[in-house]
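These are the residues of each chain, in order.
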Amino acid sequence: MARVHPIQERAHATPPIKVSHLSVRFDGKHGSVDALADVSLTVKSGEFLALVGRSGSGKSTLLRAIGGLTRARQGGVSIGDARVDAPPAQIRFVAQDYSQSLLPWLTVRENVRFGERHAVEGSSGGVTAVEQIIDRVGLSHAIDRYPRELSGGMQQRVAIARAIASRPKIILLDEAFGSVDALSRAMLQDMMLDLWKEFGFTAVLVTHDIDEAIYMADRVIVLNPDGKGIGAEVDISLPRPRAQLETREHPRYLEYRRELLGSVLAKPAENKARAA
Ligand SMILES: Nc1ncnc2c1ncn2[C@@H]1O[C@H](COP(=O)(O)OP(=O)(O)O)[C@@H](O)[C@H]1O
Ligand SMILES: [Mg+2]
């Protein structure tokens, strides 16, 4: 049998993520905030899930809880059979602020190599060449440059390459395409979808952009304002591979958009009524 090239190996046996009755409260000087109250959901193995909702609805808190960075007040998160109470080795984050996630004194090559050195144990059948991943995100020409010599979109591509180089089973994206211009954003979205297809990791994308959520995801979940839990859940059955023009002009795309926008703009009680 032909040997599969390392870069094409999929992160098989990615376990599902289960969030059960999760509540998170932040206590501060001026009282406490219930960022999440009794949220339950499952992210299927290999799924691309998007979480949308207004600012303050608890999207980042939920993502951080999945990544083991936030403590539950009640309920919790498990991945496969393992309860998450510290950052799991098989997870990588890609945050909005790429300038904080890259090491400024390292070149593109060295930043990505840094990711590879912290590779998830047992996830890789061989060492995937750093150069290959950098090529995959279209940065071969900039491999020896420093982050400050790159545009925002290019820096975010380095951050994504670094995450991929460690061969994670799960990638968590928090507004990861939100800090770049519209054209770079579309390119990053397509690049991430290609990588997801190629490597087979589970992806959870937090975004306030409903169009981005529909364009990328298999399923979109709306969080109600003020941590009041899940308002709506929509399966996105649009053909893949997605394409910036065709997908966004698909008749079902507009239906999803209407439903999700309605849910994001609705009051939590109205969403409850819709769900009933
Ligand atoms: N570390 C923290 N300390 C105190 N309050 C926080 C902290 N992180 C988030 N919150 C509060 O929790 C709520 C949810 O925040 P967040 O998860 O960041 O929402 P979103 O990402 O949807 O904008 C907000 O009211 C926010 O102010
Ligand atoms: Mg946030």
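For the structure itself, look to the data block above.
Thresholds, definitions, all that
Residues numbered from 1 in each chain as written. Chains lettered and ligands numbered in written order. Predicted model: local features only at pLDDT ≥ 70, side-chain atom pairs only at ≥ 80, totals over all residues. Heavy atoms only, no water. Pairing = 2+ DSSP bridges. Helix = DSSP H or I, 4+ residues; strand = E, 2+ residues; numbered from the N terminus. Contact = heavy atoms within 4.5 Å. Axes fitted to C-alpha atoms, helices over the stretch in contact; angles between N-to-C directions. Expected span 1.5 Å × (residues − 1). Buried < 20%, exposed > 50% of the residue type's maximum accessible area, 1.4 Å probe, protein only. Core = buried A, V, L, I, M, F, W, Y, C linked by side-chain atoms within 4.5 Å. Near = heavy atom within 4 Å. Polar contact = N/O pair within 3.5 Å; in protein donor to acceptor, adjacent residues only side chain to side chain. Areas by Shrake-Rupley, 256 points an atom, 1.4 Å probe, with all protein chains shown as cover. Nonpolar A, V, L, I, M, F, W, Y, C, P; charged D, E, K, R; others polar. Lys, Arg positive; Asp, Glu negative; His and termini not counted. Salt bridge = Lys/Arg side-chain N within 4 Å of Asp/Glu carboxyl O. Parallel < 35°, antiparallel > 145°, perpendicular 65-115°, else oblique.

(A) Spotlight on the sheet that holds strand S2 (residues 31-43). On the basis of which strands lie adjacent, the open sheet formed by 4 strands has the order S2-S1-S4-S5 and antiparallel pairing. Edge strands, defined here as strands with exactly one partner in the open sheet, are S2 and strand S5 (82-83). Pairing analysis gives 2 bridges linking strand S4 (residues 74-79) to S5, with the strands arranged antiparallel. Bridge pairing in S5 places Ser78 opposite Arg83. Packed on one face of the sheet, helix H1 (residues 59-66) meets strand S1 (17-28), S2 and S4 and runs near 120° to S1.

(B) Representation of helix H6 (residues 182-199) in the model. Across its 18 residues, H6 extends 26 Å between first and last C-alpha, which sits within 8% of the 26 Å expected from 1.5 Å per residue. All buried positions along H6 are accounted for by Ser184, Arg185, Ala186, Leu188, Gln189, Met191, Met192, Leu193, Leu195, Trp196, Glu198 and Phe199. Backbone geometry just after H6 places Gly200 at a positive phi near 75°.

(C) Summary view of the nonpolar core. Counting residues in hydrophobic clusters, the biggest one holds 55 residues, and the most contacted among them are Phe48, Ile160, Leu173, Phe177 and Phe201. The greatest single-element share of this core, amounting to 8 residues, is contributed by helix H5 (residues 152-165). Contacts of Leu173, omitting those with residues within four sequence positions, involve Phe48, Leu63, Val94, Met192, Val204, Leu205 and Val206. Membership of the second largest hydrophobic core comes to 24 residues, among which are Ile17, Leu36, Ile91 and Val204.

(D) Quick peek at the site of ligand 1. Around ligand 1, a shell composed of Phe26, Val33, Ala35, Arg54, Ser55, Gly56, Ser57, Gly58, Lys59, Ser60 and Thr61 is seen. A distance of 2.7 Å separates an oxygen atom of ligand 1 from a polar backbone atom of Gly56. Between an oxygen atom of ligand 1 and a side-chain N or O atom of Thr61, the distance comes to 2.5 Å. Alone, ligand 1 offers 560 Å² of accessible surface; in the complex the protein occludes 57% of this. Listing elements by their share of the shell around ligand 1, those giving two or more residues are S2 and H1. With 3 residues, H1 is the largest single contributor of residues to the shell around ligand 1. Each residue belonging to the shell around ligand 1 can be placed in one class, and the counts come to 3 nonpolar, 6 polar and 2 charged.

(E) Representation of the side chain of Glu175 in the model. Looking at where Glu175 falls in the secondary structure, it is placed in the loop between strand S7 (170-174) and H6. Despite being buried, Glu175 has no salt bridge partner; Lys59 is the closest side chain of opposite charge, sitting 4.6 Å away. There is a polar contact of 3.0 Å between the side chain of Glu175 and the side chain of His208. The residues touching Glu175, leaving out its near neighbours within four places in the chain, are Lys59, Gln96, Val206, Thr207 and His208.

(F) Expanded view of the sheet that holds S7. Ordered by their spatial adjacency, 6 strands build an open sheet running S6-S7-S8-S3-S9-S10, and the pairing between neighbours is mixed. Two strands close off the open sheet at either side, each with one partner strand: strand S6 (91-94) and strand S10 (230-235). Across the sheet, the mean angle separating the axes of adjacent strands is 15° when strand polarity is ignored. Bridging between strand S3 (residues 48-53) and strand S9 (residues 219-223) involves 5 bridges; their strand directions are parallel. What sits directly across from Val52, in S9, is Val222. Sitting on the sheet, H1 touches S3, S6, S7, strand S8 (202-206) and S9, and the angle it makes with S7 is about 160°. Sheet strands touched by H5: S6 and S7. Its angle to S6, the strand with the most contacts, is close to 180°.

(G) Layout of the packing of H5 against H6. The contact between H5 and H6 brings their axes to 11 Å, and the two run at 10°. As far as their axial angle goes, H6 and H5 are roughly parallel. Across from Gly153, Gln156, Arg157, Ile160 and Ile164 in H5, the residues of H6 making contact are Leu188, Met191, Met192, Leu195 and Phe199.

Just geometry here; none of it tells us what the structure is for.
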